[in-house]
Amino acid sequence: MTAAVTTVPDVVPYPDDVVERYLAAGVWGADRLEDLLHHAVARWPERTAVVDGERRWTYAELAAAIERTRGVLAAQGVVPGDAVVLQLPNGADFLAATYALFGLGARPVFALPAHRETELAHLVRGSRARFHLTTVPLAGVGSTALEPAGPEPADVVPAADGGAEDVAFLQLSGGTTGLPKLIPRTHRDYAYSFLRSAELCRVDESTVFLAVLPMSHNFTMSSPGFLAVLSLGGTVVTTTDPSPSAVFDLVARHRVTMVAAVPPLAQLWLDSPAREAADLTSLDVLLVGGARFAQATAERVRPELGCDLQQVYGMAEGLVCYTRREDPYDVVVGSQGRPMSDLDEVRVVDDEDRPLPPGTPGHLLVRGPYTIRGYFAAPGHNAASFTDDGFYRTGDVVRADEAGNLTVVGRGKEQINRGGEKVAPAEVEGLLLVLDAIHDVCVVGVPDDVLGERVEAYVVAHPGRAGELTTPALRRHLRGRVADYKIPERFHLVDHLPGTGVGKVSRRGVAARYFQPADGER
Ligand code: OOB
């Protein structure tokens, strides 16, 4: 007898009836992401699409750069269906490469410039990528420049013949349980998410968007991000320098109307003495998200920067909430907004998935036209991260008011949110545990005035080996293996770690034992 072989698809599809519903509602269109740009190129060829330092490209020039890059990639052997790990800093090249891959029908796998060996290996393995396209200098890893003297562009570039239902790219999740996972987003679900965002954030051809957070992050890409701006005829100004002086200079010089920031960055700009002299009169809206924005800081935006604030609570898995420009002031400064689509289904539930009344904090579950139904090729994880009826378990604890505005009050997931940068403790612990001298380790988030949380590690040495575990030695071990932002700011050597009673280290126990929370919210 032969056992029946069941293959689990890499991508969990939306159920057929749900697909019909989203198509009928008109939220899912037929355009792929590169089509949306091509429409803009046809309509506004002479408008400025991108400003990257001294480089300024019109839409027509951007289209030509994409075409060139497509040829280079095809000549390198990239074919439709390939996954290509893309790791580029903010800039015009990022856009050319991203759209070139879309146009080829290849899937960019968006790495952050900060990612190192562990994350990159994970991305390559998880996506089965054959290429890694980067200009980031990485020890021991060859790098490929985008416009090299190298191969001649291919004469015949295979065009993608796929549709809007295809997976457009993969993104790395921050990780809700354990290690980060890959997020497959389709052309049509993603297009809907940024075009709907554009409506709520009033993006049009007069928008000048400053991309200062990493462009490979979902926030910068789609909330409403450069994809919306370039689909609607606006201008994207790119920078890799988030310092107040650099940002203020770009805002003044290019008459920037929209900026997206994580809370520590917004605070840095607010606190900068350079603000007084800066000409920020063009700024229309500051979008803040990625981590909880303190109300006291939110209240400073309008008076001190002279622009509107929109809070953004989003996740690479899908759901994005915004405060609306016309919302009452207390909603804008005191909540993280409400879901952007009428078709978003959110539930706030207790530990047994039972619905809770408005006003009672609970776990947020979500399902909708731009929220994934599963991670890429990860059936095991999916069973834990999604309900049987397809709701994504966000891992966030929220409180909803009567109008549906959500306030993020905590977290049920094992993840550290370092000012918007997500760290899975298990990933860092695993890398530390390969050191022979370490007996046990626990990585925790510690309250931090600016970042919200910072990363610290509690380390138990094997008998007699504590001397080897100096902070410089531990940092040296991690550097190059993971993104710098995941490297604990402090290492504490302790005699033992508190247990949960089942032989597992309790992070809560570590937190309670070794440091005092800054406030009662944890
Ligand atoms: C954004 O996406 P991710 O995937 O890096 O992180 C998602 C997680 C959320 O589950 C939540 O824990 C946290 O980041 N988060 C916030 C927040 N925005 C995100 N927590 C409190 N307040 C907020 N405003 O971070 C992201 C994706 C799209 C747009 C904006 C942010």
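Every residue gets a number counted from 1 within its own chain, in the order that chain's sequence is written. Restriction of local features to residues with pLDDT of at least 70 applies here, the model being predicted, together with a cutoff of 80 or more for giving and counting side-chain atom pairs; totals for whole chains, interfaces and linings are based on all residues. Here the side-chain values reflect all heavy atoms present in the structure, with hydrogen atoms and water set aside.

- An unreviewed UniProt entry annotates the chain as (2,3-dihydroxybenzoyl)adenylate synthase of Nocardioides humi.

Describing the pattern of salt bridges
Inference 1: What makes a salt bridge here is a side-chain nitrogen of Lys or Arg within 4 Å of a carboxyl oxygen of Asp or Glu, nothing more. Under the defined criterion, the tally for this structure stands at 36 salt bridges.
Inference 2: Asp-308 is the salt-bridge partner of Arg-302, the closest N and O atoms lying 2.5 Å from each other.
Inference 3: For Arg-302, a relative accessible area of 43% translates into the label partly exposed.
Inference 4: Linking Asp-396 and Lys-413 is a salt bridge whose minimum nitrogen-to-oxygen distance equals 3.4 Å. Of this pair, Asp-396 sits in strand E17 (residues 392–400) while Lys-413 sits in the loop between strand E18 (406–411) and strand E19 (416–418), and the two are 17 residues apart along the sequence. As far as the burial class goes, Asp-396 and Lys-413 line up, both buried.
Inference 5: One salt-bridge network, held together by shared partners, links Asp-271, Arg-275, Arg-300 and Glu-304. In this scheme, a residue with accessible area under 20% of its type's maximum is buried, one over 50% is exposed, and one in between is partly exposed, where area comes from a 1.4 Å probe on protein chains only. Helical segments are the DSSP runs of H or I of at least four residues, strand segments are the runs of E of at least two, and each set is numbered from the N terminus.

Overview of unusual backbone geometry
Inference 1: For the bond from Ser-223 to Pro-224, the omega torsion is -15 degrees, close enough to zero to count as cis.
Inference 2: Looking at the secondary structure, you find Pro-224 in the loop between helix H7 (218–222) and helix H8 (225–231).

Description of the site of the ligand
Inference 1: Near is defined per residue: the residue qualifies when any heavy atom it owns lies within 4 Å of the molecule or strand. Close to the ligand lie 19 residues; Val-312, Ala-316, Asp-396, Lys-413 and Lys-422 are nearest.
Inference 2: The separation between a nitrogen atom of the ligand and a polar main-chain atom of Ala-291 is 3.4 Å.
Inference 3: N or O atoms closer than or at 3.5 Å make up a polar contact, with two conditions inside protein: a donor-capable atom paired with an acceptor-capable one, and, for residues adjacent in sequence, both atoms drawn from side chains. One of the side-chain nitrogen or oxygen atoms of Asp-396 is found 2.6 Å away from an oxygen atom of the ligand.
Inference 4: In isolation the ligand offers 600 Å² of accessible surface; the protein chains occlude 95% of this area.
Inference 5: Breaking the shell around the ligand down by element, the ones donating at least two residues are H7 and strand E12 (308–315).
Inference 6: Take the shell around the ligand: its biggest share by element is four residues, from E12.
Inference 7: Put simply, Ala, Val, Leu, Ile, Met, Phe, Trp, Tyr, Cys and Pro go in the nonpolar bin, Asp, Glu, Lys and Arg in the charged bin, and everything else, Gly too, in the polar bin. Looking at the shell around the ligand residue by residue, the class counts come to seven nonpolar, eight polar and four charged. The protein chains shown are the only cover counted for residues, whose accessible areas, like all others here, come from Shrake-Rupley with a 1.4 Å probe.

Looking at helix H15 (residues 471–478)
Inference 1: Within H15, the full set of buried residues consists of Leu-474, His-477 and Leu-478. Considered in projection along H15, the buried side chains sweep an arc of 95 degrees and stay on one side of the axis.
Inference 2: On the buried face of H15, the contacting elements are helix H14 (425–433), strand E21 (438–448) and strand E23 (490–493).
Inference 3: Of the residues flanking the end of H15, it is Gly-480, one or two places downstream, whose phi is positive at about 90 degrees. Here, the arc refers to the directions that run from the helix axis to the C-beta atoms. Two residues form a contact once any of their heavy atoms are found within 4.5 Å.

Re the sheet that holds strand E3 (residues 83–87)
Inference 1: The mixed open sheet is built from five strands, whose spatial order is E5-E3-E4-E6-E7. Only two strands of the sheet have a single neighbouring strand rather than two, namely strand E5 (131–134) and strand E7 (182–186). Neighbour-to-neighbour, the strand axes of this sheet turn through a mean angle of 25 degrees, independent of strand direction.
Inference 2: For two strands to be treated as a pair, DSSP must find no fewer than two bridges joining them. Bridging between E3 and strand E4 (residues 107–110) involves four bridges; their strand directions are parallel. Bridging across to E4, Val-85 finds its partner in Val-109.
Inference 3: Angles here are taken between N-to-C directions and fall from 0 to 180 degrees, while the axes themselves are lines fitted to C-alpha atoms, restricted in helices to the stretch in contact. Its contacts with the sheet place helix H4 (residues 92–104) against E3, E4, E5 and strand E6 (167–172), and it is angled at close to 140 degrees to E4.

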